[in-house]
Amino acid sequence: MTRIGIIGGTGWLGSAIARRGIAEGVIDPARLWLSSRSPTEVPQGAHWTDDNATLIAESDLVVLSVRPAQFRQMQIDLQGRPALSVMAGVSATEIARATVTARIIRALPNAMADSGMSWTPYWATDQAEAPEIALTQSLFTACGTAERVEDEAQIDYAAALTGSGTAFPALFAQAMIDHAIAQGMPEDRAARAVLHLLTAASQQLQQGGESPAQVVKAFTDYAGTTAAGLNAMKAAGFTEAVHAGLSAAAEAAKP
Ligand SMILES: NC(=O)c1ccc[n+]([C@@H]2O[C@H](COP(=O)([O-])OP(=O)(O)OC[C@H]3O[C@@H](n4cnc5c(N)ncnc54)[C@H](OP(=O)(O)O)[C@@H]3O)[C@@H](O)[C@H]2O)c1
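Keep in mind that this is a model prediction, so the values were computed, not measured.

Trainee: Can you walk me through the UniProt feature "binding site: NADP(+)" (unreviewed entry) in the protein chain in this structure?
Mentor: Here, the residues flagged by UniProt with the feature "binding site: NADP(+)" (unreviewed entry) are Ile7, Gly8, Gly9, Thr10, Gly11, Trp12, Leu13 and Ser36. In three dimensions, the annotated residues from a span of 30 residues occupy one location, with a maximal C-alpha spread of 12.9 Å. As for the annotated residues, the ones lining the second largest pocket are Ile7, Gly8, Thr10, Gly11, Trp12, Leu13 and Ser36. For Trp12, the location among the structural elements is in helix 1 (residues 12-23). Of the residues examined, Trp12 reaches a relative accessible area of 69% and is grouped as exposed. Tracing the backbone shows Ser36 in the loop between strand 2 (32-35) and strand 3 (47-49).

Trainee: Whenever I open this one, the packing of aromatic side chains confuses me. Can you help?
Mentor: To describe a pair of aromatic rings, you give the distance between the ring centres and the angle between the ring planes. Inspection of every chain in the model, using the stated rule, returns 1 aromatic pair. Ring geometry for Phe172 against Phe238: centres 5.9 Å apart, planes inclined by 70°, an arrangement best described as edge-to-face. You can see Phe172 sitting in helix 7 (residues 167-182) and its partner Phe238 sitting in helix 11 (residues 238-252), a full 66 residues away along the chain. In this structure Phe238 comes out as partly exposed when scored by relative accessible area, which is 38%.

Trainee: What exactly am I supposed to notice about the site of the ligand here?
Mentor: Close to the ligand lie 24 residues, the nearest being Trp12, Leu13, Arg37, Ser38 and Val66. Within the backbone of Trp12, one N or O atom sits 2.9 Å away from an oxygen atom of the ligand. Contact between the ligand and Ala88: an oxygen atom at 3.1 Å from a main-chain N or O atom of the residue. In isolation the ligand has 890 Å² of accessible area, and contact with the protein removes 83% of it. Here the ligand occupies the second largest pocket. If you list the elements that add at least two residues to the shell around the ligand, you get helix 1 and helix 3 (68-71). Across the shell around the ligand, the residue classes break down as 12 nonpolar, 10 polar and 2 charged.

Trainee: For this particular structure, what's the right way to read the pairing of strand 4 (residues 61-64)?
Mentor: Every regular strand shows the same layout, with side chains that alternate between the two sheet faces. Residues Leu61 and Val63 of strand 4 are buried on one face, and the alternating residues Val62 and Leu64, pointing to the opposite face, are buried as well. Sheet analysis places strand 4 next to strand 5 (residues 83-85), joined by 3 bridges and oriented parallel. What sits directly across from Val63, in strand 5, is Leu84.

Trainee: What is the right way to read helix 8 (residues 187-207) from this model?
Mentor: Residues three or four positions apart in an α-helix share a direction because the helix packs 3.6 residues into each turn. For helix 8, built from 21 residues, the straight-helix expectation of 30 Å at 1.5 Å per residue is met to within 8% by its first-to-last C-alpha distance of 30 Å. Just past helix 8, the residue Gly209 takes up positive phi, approximately 90°.

Trainee: When you look at the layout of surface pockets in this model, what are you seeing that I'm missing?
Mentor: One way to see where empty space is left: roll a probe the size of a water molecule over the atoms. The computed volume of the largest pocket comes to approximately 2,700 Å³. Residue lining of the largest pocket: 49 residues in total, with Pro169, Phe172, Leu198, Leu205 and Phe238 positioned closest to the centre. When residues of the lining of the largest pocket are traced back to their parent elements, those giving at least two are helix 7, helix 8, helix 9 (212-222), helix 10 (225-235) and helix 11. Element by element, the count of residues in the lining of the largest pocket is highest for helix 7, at 10 residues. Roughly 1,000 Å³ of volume is contained in the second largest pocket. Around the second largest pocket, the lining comprises 33 residues; the ones closest to its centre are Leu13, Ser65, Val66, Arg67 and Pro68.

Trainee: Please clarify how the sheet that holds strand 3 should be interpreted in this entry.
Mentor: Strand pairing in a sheet takes place through backbone hydrogen bonds and is either antiparallel or parallel in direction. Read across the open sheet, the 8 strands follow the order 3-2-1-4-5-6-7-8; overall the sheet is mixed. The open sheet is flanked by strand 3 and strand 8 (144-148), the only strands paired with a single partner. The mean angle between the axes of side-by-side strands here comes to 20°, regardless of whether they run parallel or antiparallel. Where strand 6 (residues 104-107) lies against strand 7 (residues 118-124), 3 bridges are found, and the strand directions are antiparallel. Across the sheet, Ala107 pairs through a bridge with Tyr122, a residue of strand 7.

Definitions and limits used
- Residues numbered from 1 in each chain as written.
- Predicted model: local features only at pLDDT ≥ 70, side-chain atom pairs only at ≥ 80, totals over all residues.
- Heavy atoms only, no water.
- UniProt positions renumbered as here; feature names shortened; annotations may be inferred.
- 1 Å grid on protein atoms, 1.4 Å probe; cavity = no way out; pocket = protein on both sides within 12 Å on 5 of 7 lines; lining within 4 Å.
- Helix = DSSP H or I, 4+ residues; strand = E, 2+ residues; numbered from the N terminus.
- Buried < 20%, exposed > 50% of the residue type's maximum accessible area, 1.4 Å probe, protein only.
- Phe/Tyr/Trp six-rings, centres within 6.5 Å; stacked < 30°, edge-to-face > 60°.
- Near = heavy atom within 4 Å.
- Polar contact = N/O pair within 3.5 Å; in protein donor to acceptor, adjacent residues only side chain to side chain.
- Areas by Shrake-Rupley, 256 points an atom, 1.4 Å probe, with all protein chains shown as cover.
- Sits in = over half its atoms within 2 Å of the grid points.
- Nonpolar A, V, L, I, M, F, W, Y, C, P; charged D, E, K, R; others polar.
- Pairing = 2+ DSSP bridges.
- Expected span 1.5 Å × (residues − 1).
- Points joined across faces, edges and corners; volume = space filled by probe spheres on them.
- Axes fitted to C-alpha atoms, helices over the stretch in contact; angles between N-to-C directions.

Laid out in structure tokens, this is it:
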């Protein structure tokens, strides 16, 4: 198995990748190095260091999982080793300049990687080689579903569309819960009802054979109570609000 080093491997995303990679047999903990500035617990059998040069020397693939601002303060030389970046808004050109490698893959998971439910797009530079591309596919399959995309801009956009994980659906869920509470439903029942609805709706949309657009049209054409709700939501600017949120996130994720 390839020796893997995760710079920032004790953080939210880095530790999730490490745990899932080990759990799914993609990473051998004895060949895994994690780094951070402050000491912390790491998975059994894995190695920890606060010296990124040591991690790099022990790794065939280096995962960059620090915050963009932290990356911009780091001095690292990968000496041509492949880099797999999960950083939002840091371009391959910037990574190449800062780390002395052209073999770069950028991936954009979300925090559901931790529970094996992230949809993760990744993109590779022309210089990236087959072994690191195959390992990226395996690592993010261990974290959910992985899909290679054709151009880097799609990675930047994915930070907005799916990188935020549960956050945007959570905002919708909370709006429904708040409304139910205002109508007198006990808070715990409101939360149970709405979360059950969203879980079932996600499964139905995945498996039911109808696209979201077809579902909306079917209920609108039925012209009942749901149509009254859908029409009022649209008239109040629901679509525009979602688009404004995604545009703001996409703008923030631009390199
Ligand atoms: N979390 C998400 O949902 C998510 C989704 C998609 C992409 N991302 C991307 O993933 C990256 C990591 O995000 P995160 O949420 O995991 O952040 P995080 O929880 O803050 O983790 C960052 C880790 O980097 C370590 N670190 C900071 N400076 C370091 C250095 N010089 N050398 C080694 N380690 C260092 C930190 O530990 P110390 O402070 O102890 O050094 C920390 O453990 C970000 O670039 C983010 O854009 C995150």
